Amino acid sequence: MIKKIIEEFAINHGYKRVDGTGNDNQPSYLIQAYGDKKRFLALYESKVLTSPQELNSIVNSEAPEAFKSDPAFEKNTDLIVLHNLEHRADFKKIEAKVFSIEENPYYFKKYFLYFSDAELSLLEGHDINSLLNVVTDEKRFSEYKESPLEPTLYSVAARILIKVPFIRVPIKEGNLKPIQVYLDEALIEGNVHELYEKIILQQNNDAQPDEIIRSLISEEMENS
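Source: prediction; values computed, not measured. Numbering of residues starts from 1 in each chain and follows the order in which that chain's sequence is written. Whole-chain, interface and lining totals are the exception, using all residues; otherwise, since this is a predicted model, local features are given only for residues with pLDDT of at least 70 and side-chain atom pairs are given and counted only at 80 or more. Only heavy atoms go into the side-chain values, all of them from the structure, while hydrogens and water stay out.

## Comments concerning helix α5 (residues 91-102)
Note the cut-off: Runs of E in the DSSP output that reach at least two residues are strands. Runs of H or I that reach at least four are helices, and both are numbered from the N terminus. Working rule for helices: expected span equals 1.5 Å times residues minus one. The rule is simple: take the accessible area with a 1.4 Å probe, protein chains only, and divide by the maximum for that residue type; under 20% is buried, over 50% is exposed, in between is partly exposed. Here the arc refers to the directions that run from the helix axis out to each C-beta atom.
The terminal C-alpha atoms of α5 lie 14 Å apart, and with 12 residues this falls more than 12% below the ideal 16 Å at 1.5 Å per residue. Of all the positions in α5, only F91, I94, V98, I101 and E102 are classed as buried. All buried residues of α5 project into a common sector of 90° when viewed along the axis, lining one side. Opposite the packed face of α5, turned more than 90 degrees from it, sit the exposed residues A96, K97 and F99.

## Looking at the pattern of salt bridges
Note the following rule: Salt bridge, as applied in this entry: a Lys or Arg side-chain nitrogen positioned within 4 Å of an Asp or Glu carboxyl oxygen.
Under the criterion given, the structure shown has 9 salt bridges. Residues K163 and E102 are paired through a salt bridge, measuring 2.8 Å at the closest nitrogen-oxygen approach. Placement of the pair is K163 in helix α9 (residues 153-163) and E102 in helix α5, with a sequence separation of 61 residues.

## A few points about unusual backbone geometry
Positioned with a positive phi, Y107 is a non-glycine residue whose angle comes to about 70°. Structurally, the position occupied by Y107 is in the loop between α5 and β5 (109-116).

## Details of the pairing of strand β4 (residues 77-85)
Let me state the cut-off plainly: Strands qualify as paired when DSSP identifies two bridges or more between them. Handedness of a crossover: with both strands directed away from the viewer, a clockwise path from the first strand across the helix to the second marks it as right-handed.
Most of β4 is tucked away: 8 of the 9 residues are buried. Pairing between strand β3 (residues 37-45) and β4: 6 bridges, direction parallel. Note that in β4 the partner of E45 across the bridge is L82. In the sheet, β4 pairs with β5 via 8 bridges, with the strands oriented parallel. Each residue of the ladder has a partner; that of I80, found in β5, is Y111. Once the chain exits β4 it traverses α5 before rejoining the sheet at β5, and the crossover so formed is right-handed.

## A closer look at the nonpolar core
Soluble, globular proteins show a tendency: their nonpolar side chains are buried together. As a reminder, the rule being used: Note on terminology: a nonpolar core comprises buried Ala, Val, Leu, Ile, Met, Phe, Trp, Tyr and Cys residues joined through side-chain atoms within 4.5 Å.
With 32 residues, the main nonpolar core has I6, F9, I80 and I160 as its most contacted residues. For this core, the secondary structure elements donating two or more residues are α1 (2-12), β3, β4, β5, α7 (128-135), α8 (138-146) and α9. Looking at this core element by element, the count peaks at 7 residues for α9. Counting 21 residues, the second-largest nonpolar core is a separate cluster that includes A42, L79, V81 and V98.

## Observations concerning the sheet that holds strand β1 (residues 16-17)
Ordered by their spatial adjacency, 5 strands build an open sheet running β1-β2-β3-β4-β5, and the pairing between neighbours is mixed. Two strands bound the open sheet, and with one partner strand each, they are β1 and β5.

Shape descriptors only; they carry no functional weight alone.
In structure tokens form, the structure reads like this:
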């Protein structure tokens, strides 16, 4: 379902799908061409995490012959890896591997899009227009902000738009979140929000860095 939505976004942004690709768990390939300028897109649903080298090999070997012979293919291709998780919290277990995939400098620019079973079910019946409306809906954002780790349509829609490089989301004035909101979400997801609050409290009490470290170590030893 997510692959279909991304393909819809791509076609809406001037890409054309190459027929005969995307079958039997193989990548889908699309191309955007304006004159001599070309941009390629590969979508690959990965049921298990593979190394960046394996991903490069799969996308290269399964590519249409016209792509393989095009000098622009290797340097002008975006690869979006789609990965289904049973639970959103499972992402913490694979975070290091995901980082190694996205930061791999060879062949393609890689984007890793994960989604949970619960989030996938929430996408049922939605298309590109409804998802754009979701991410600019202040009420949905407020609900998401209250429980950022809960599966919501806003969370998965926003993640799709972040990981698809060619999408431009319409922004209403006042929709941008303060940087502190982004920081709080990251701290909560990383399960270090409480530690951060302790550090800020001691900084506000003019504690020096070495004093803060000693205090945290002492507290940890007391609780162990």
